[in-house]
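# Residue-level structure breakdown
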Amino acid sequence: MTQSFFRPTRRSLLRGSAAAAGAALISGLPASRLLAQDAPAKPAEIIVRAWGGSWVAALQKGVSDPFTAATGIQVRHDLTEDNEIQPKVWAAVAQGRMPPIHVNWDTTVNATKSALRGVTEDLSGLPNLANTTELAKPVGLEGYPIVNTYGYVYVLAYRPEAFPDGAPTSWNVLLDPKFKGRIALYNDGIGFHFPAQVAGGGKLEDIPGDMTAAWEFIAKVKEQQPLLGEDPDFTNWFQNGEIDLACTISTNAIEAKKNGVDIAWTVPEEGAKFDTDGLWIPKGLPENELYWAKEYINFALSQEAQQVWCDGLGLPGVVPGLTPPEGLAGDASYPTTPEEIAKLIRIPTPVQVENESAWFGRFKEIMQG
């Protein structure tokens, strides 16, 4: 997930009675909290870092616009790529400066790196945490320095026209010569390292100690001249008919399908990576801005916001009782129970935190070699 050139139109501020009425309508943002006399002054805006394309569109519809309607606080989406904004936030906190954003929408792995660095605010007091599933709790951390907001699967997306006999059943299909130049991966290999380990004949329990099988398999895929990109690229490539196969988050395939592309996705026999994203707040905000940044995240954990936001992404949220998007109930890419999640590849977050940079580097080294 990364930066896109799409930037949402900024809404004008809603003020006065209209904002008060909006607050009373949104149960996820209780009017008693938002309109309490002891609530601190509202900032003109809060800045939320987000991914572009369909990702920010879903966030805006499900969380940001309703939050503005309820509070009158403008939400500005900063589409700086998550790995690019990370050192800027770290530097600001270390130097005692105002951080460049109020809320970071981040991968759980990246967010955990920030939490371990001590730059995240404590979110354990958010009222709506009481209504979330275990998926919302960050693994390997004390309390809630970050809050997970949904889960996702790196599926094998494909064009049905290229598979008249049915869905591919193995990641080994990427090695078929007829797909040379017509497959796509993330430019750092994220989501692909673990199934490559299995497809290459290795074992998941050998991660991270021995990933020889993964690197050898990825070297074979490199010979297939894959396209390397980020989230918006996958949707565009499928729409333009440039690829037949991709290891990508299901959201990107769903977005292409919404746009009329004949596309499907599957979880191959070797499995597929399951992970989470979350929200967190950097230290160093003025007290009133910290208060309203927390209110934003609290609303993002409400059933109202989760239903719209996660529906737009096609991903399972962290609030019980959400209605799956049409066609996704029972889909392996939309796990809603611990048993369904257990069928996917879920490497512990601390292991990913410690090794992810090295994995990304090795992948790029192979692809550039």
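Up top is the structure.
Rules used in this analysis
- Residues numbered from 1 in each chain as written.
- Predicted model: local features only at pLDDT ≥ 70, side-chain atom pairs only at ≥ 80, totals over all residues.
- Heavy atoms only, no water.
- Buried < 20%, exposed > 50% of the residue type's maximum accessible area, 1.4 Å probe, protein only.
- Helix = DSSP H or I, 4+ residues; strand = E, 2+ residues; numbered from the N terminus.
- Pairing = 2+ DSSP bridges.
- 1 Å grid on protein atoms, 1.4 Å probe; cavity = no way out; pocket = protein on both sides within 12 Å on 5 of 7 lines; lining within 4 Å.
- Points joined across faces, edges and corners; volume = space filled by probe spheres on them.
- Nonpolar A, V, L, I, M, F, W, Y, C, P; charged D, E, K, R; others polar.
- Arc of directions from axis to C-beta.
- Contact = heavy atoms within 4.5 Å.
- Salt bridge = Lys/Arg side-chain N within 4 Å of Asp/Glu carboxyl O.

### As for the pairing of strand E4 (residues 147-158)
Where burial is concerned, most of E4 is hidden: 12 out of the 12 residues are buried. Relative to strand E9 (residues 274-280), E4 runs antiparallel, the two being bridged by 6 bridges. Following the sheet pairing, Asn148 is matched in E9 by Gly278. Summarising the sheet, E4 and strand E7 (residues 245-249) pair through 5 bridges and their orientation is antiparallel. The residue bridging Val155 from the neighbouring strand is Thr248, located in E7. As paired strands, E4 and strand E8 (residues 264-266) are joined by 3 bridges and run antiparallel to one another. Across the sheet, Ala157 pairs through a bridge with Trp265, a residue of E8.

### Quick look at unusual backbone geometry
Here the bond from Ile207 into Pro208 is cis, since omega is 5°, no more than 30 degrees from zero. Considering the arrangement of structural elements, one finds Pro208 in the loop between helix H6 (193-199) and helix H7 (212-222). Of note, Gln225 is a non-glycine position whose phi angle comes to about 55°, a positive value. Here Gln225 is to be found in the loop between H7 and strand E6 (227-229). What makes Gln225 exposed here is its relative accessible area of 51%.

### Let's talk about the layout of surface pockets
Estimates place the volume of the largest pocket at around 410 Å³. Taken together, 20 residues line the largest pocket, and the ones lying closest to its centre are Thr133, Leu135, Gly317, Thr336 and Ile341. Partitioned by chemical class, the residues of the lining of the largest pocket number 12 nonpolar, 5 polar and 3 charged. As a volume, the second largest pocket reaches approximately 250 Å³. Of all the elements in the fold, those that place two or more residues in the lining of the second largest pocket are helix H9 (250-258) and helix H11 (303-313). No other element matches the 3 residues that H9 contributes to the lining of the second largest pocket. For the lining of the second largest pocket, a count of residues per class yields 4 nonpolar, 2 polar and 5 charged.

### Brief notes about H11
Because an α-helix packs 3.6 residues into every turn, residues spaced three or four apart end up facing the same way. Residues Ala305, Gln306, Trp309, Cys310 and Leu313 constitute the buried set of H11. Mapping the buried residues of H11 onto a view down its axis gives an arc of 100°, with all of them on the same face. Elements in contact with the buried residues of H11: helix H3 (54-71), strand E3 (103-107), E4, H9, E9 and helix H10 (287-300). The first or second residue beyond H11 is Gly314, which carries a positive phi of 70°.

### Side note on the environment of Pro282
Tracing the backbone shows Pro282 in the loop between E9 and H10. Distance in space between the C-alpha atoms of Pro282 and Ala293 is 9.9 Å, their sequence separation being 11 residues. Filtering out sequence-adjacent residues up to four positions away, Pro282 remains in contact with Val89, Pro99, Ile101, His102, Val119 and Glu121.

### Things to note about the pattern of salt bridges
Counting across every chain of the model gives 6 salt bridges. Arg76 serves as the salt-bridge partner of Glu45, at 2.8 Å between the closest nitrogen and oxygen. Of this pair, Glu45 sits in strand E1 (residues 45-49) while Arg76 sits in strand E2 (residues 74-78), placing them 31 residues apart in sequence. Residue Glu45 is classed as buried on the basis of its relative accessible area of 19%. For Asp275, the salt bridge goes to Lys273, with nearest N and O atoms at 3.1 Å. Of the two residues, Asp275 and Lys273, neither departs from the other in class, the shared state being buried. One connected set of salt bridges, linked through shared partners, spans Arg159, Glu161, Arg182 and Asp244.

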